[in-house]
Amino acid sequence: NAGVMQNPRHLVRRRGQEARLRCSPMKGHSHVYWYRQLPEEGLKFMVYLQKENIIDESGMPKERFSAEFPKEGPSILRIQQVVRGDSAAYFCASSPPGRGESPLHFGNGTRLTVT
Amino acid sequence: RKEVEQDPGPFNVPEGATVAFNCTYSNSASQSFFWYRQDCRKEPKLLMSVYSSGNEDGRFTAQLNRASQYISLLIRDSKLSDSATYLCVVSRYGGSQGNLIFGKGTKLSVKP
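If you're wondering where the values come from, they're calculated on a predicted model, not measured in any experiment.

This paragraph deals with unusual backbone geometry. Here the amide bond leading from Asn7(A) into Pro8(A) is cis, since omega sits at 0 degrees, within 30 degrees of zero. In the Ramachandran plot, Asp77(B) falls in the positive-phi region, its phi being about 50 degrees despite a non-glycine side chain.

The following block contains the structure:
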């Protein structure tokens with residue numbers, strides 16, 4: 001019973017390139033959440049998705065960032081034209097369907113380094 | 001006032017000590033509360049949910065005071081393996097629904 005799977009674990013991009021981060025939720029989970037953790041900072045909510053729907057993107061920067069969770073395949077967090085300030089750990093989490101107070105199960109993260 | 005504020009760390013304690021972490025939150029609409037633990041360069045992992053009546057899980061006890069918007073975590077008989085950063089987590093909206101507010105964390109170091 002695999003947990004939340006993220007890849008790649010480490011990603012290095014030069015300024016101006018694109019970064020694509022992938023997240024496969026736990027089996028049976030249809031809700032995906034992306035969080036970002038800057039060095040020495042707490043985790044910050046970015047976006048909450050269900051299959052083919054963005055439910056809450058209140059934490060997403062207005063430009064260069066986008067997220068999707070297609071009907072088939074993993075959720076993708078895409079960062080265009082990366083800048084040094086995008087260097088961070090990006091964590092994905094999932095939860096089962098339905099409302100409730102389910103805690104989140106996080107993947108082991110993608111560490112993005114922008115050079 | 002920050003949305004979630006935690007004790008500044010680090011806490012350096014000997015094995016066997018009892019240590020308490022405090023946390024305050026600003027959003028009175030929050031309904032879900034958790035403590036997560038995060039090891040260095042790893043993902044956060046749920047330690048325990050926090051309920052109004054208080055709850056205990058082995059050496060760990062969590063308390064919630066809604067009137068004061070205050071959450072605590074008590075660790076008894078500290079082990080070396082308890083060394084980690086402890087994150088106070090609060091839901092932004094009524095239920096959890098994934099939009100959680102994380103504190104910056106309090107670092108605990110348990111020494112032999």
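There's more to say after this.
Bringing the pairing of strand E7 (residues 65-68) of chain A into the picture now. Each regular strand displays side chains that alternate between the two surfaces of the sheet. All names here are of chain A. Burial along E7 is one-sided: Phe 65 and Ala 67 are buried, and none of Ser 66 and Glu 68, which face the opposite way, are. Relative to strand E8 (residues 75-79), E7 runs antiparallel, the two sharing 4 bridges. Within the sheet, the bridge partner assigned to Ala 67 lies in E8 and is Leu 77. Between E7 and the antiparallel strand that follows it, E8, lie 6 residues; Gly 73 among them carries a positive phi value of about 100 degrees.

Turning to the interface of chain A and chain B, a few remarks are in order. Interfaces are frequently sized by the accessible area removed from exposure as the parts join. Contacts between the two partners involve 21 residues from chain A, matched on the other side by 20 residues from chain B. At the boundary of chain A with chain B, total buried surface from both sides reaches about 1,800 Å², with 50% on carbon and sulfur atoms. Between chain A and chain B we count 1 salt bridge in total. At the junction of chain A with chain B, the criterion picks out 4 residue pairs in polar contact (both at pLDDT 80 or more). Looking at the side of chain A that touches chain B, the elements that each hand over two or more residues are strand E4 (31-37) and strand E5 (43-50) of chain A. When grouped by side-chain class, the residues that make up the side of chain A that touches chain B number 9 nonpolar, 7 polar and 5 charged.

Phe21(B), Trp35(B), Ile71(B), Leu73(B), Ile75(B), Tyr86(B) and Leu108(B) are the most contacted members of the largest nonpolar core, which totals 26 residues. Those elements giving two or more residues to this core turn out to be strand E2 (11-14), strand E3 (19-25), strand E4 (33-38), strand E5 (44-49), strand E7 (60-65), strand E8 (70-75), strand E9 (84-91) and strand E11 (106-111) of chain B. In contact with Ile71(B), other than residues within four places in its own chain, are Phe21(B), Asn22(B), Cys23(B), Tyr25(B), Phe33(B), Trp35(B), Val50(B), Gln63(B), Leu64(B), Cys88(B) and Val90(B). Leu11(A), Cys23(A), Ala67(A) and Phe69(A) belong to the second largest nonpolar core, which has 23 residues in total.

All names here are of chain B. Mapped onto the fold, Ser 68 is located in the loop between E7 and E8. On the basis of relative accessible area, Ser 68 is assigned to the partly exposed category, the value being 46%. Put simply, Ser 68 and Ser 28 are 40 residues apart on the chain and 9.6 Å apart in space, counted from C-alpha to C-alpha.

Turning our attention to the packing of aromatic side chains. Residues and elements named next belong to chain B. Tallied over the full model, the rule gives 12 aromatic pairs over all chains. Summarising the aromatic geometry, the rings of Phe 21 and Tyr 86 are spaced 5.3 Å apart at their centres and angled 35 degrees between planes, so their arrangement reads as tilted. Here Phe 21 is found in strand E3, whereas its partner Tyr 86 is found in strand E9, with 65 residues between them in sequence. Residue Phe 21 is classed as buried on the basis of its relative accessible area of 0%. Taking the relative accessible area as the measure of exposure, Tyr 86 reaches 0% and is therefore buried. Between Tyr 25 and Phe 33, the aromatic rings sit 5.0 Å apart at their centres with planes inclined by 45 degrees, giving tilted as the arrangement.

This part takes up the sheet that holds E8(B). Residue and element names in this part refer to chain B. If you walk across this open sheet you meet the 5 strands as E1-E3-E8-E7-E6, and the pairing is antiparallel. For this open sheet the edge positions go to strand E1 (4-6) and strand E6 (55-57), each flanked by a neighbour on one side alone. Adjacent strand axes in the sheet meet at a mean angle of 15 degrees when their direction is disregarded.

What counts and what doesn't
- Residues numbered from 1 in each chain as written.
- Chains lettered and ligands numbered in written order.
- Predicted model: local features only at pLDDT ≥ 70, side-chain atom pairs only at ≥ 80, totals over all residues.
- Heavy atoms only, no water.
- Buried < 20%, exposed > 50% of the residue type's maximum accessible area, 1.4 Å probe, protein only.
- Helix = DSSP H or I, 4+ residues; strand = E, 2+ residues; numbered from the N terminus.
- Pairing = 2+ DSSP bridges.
- Contact = heavy atoms within 4.5 Å.
- Buried area = accessible area lost by both parts, 1.4 Å probe.
- Salt bridge = Lys/Arg side-chain N within 4 Å of Asp/Glu carboxyl O.
- Polar contact = N/O pair within 3.5 Å; in protein donor to acceptor, adjacent residues only side chain to side chain.
- Nonpolar A, V, L, I, M, F, W, Y, C, P; charged D, E, K, R; others polar.
- Core = buried A, V, L, I, M, F, W, Y, C linked by side-chain atoms within 4.5 Å.
- Phe/Tyr/Trp six-rings, centres within 6.5 Å; stacked < 30°, edge-to-face > 60°.
- Axes fitted to C-alpha atoms, helices over the stretch in contact; angles between N-to-C directions.

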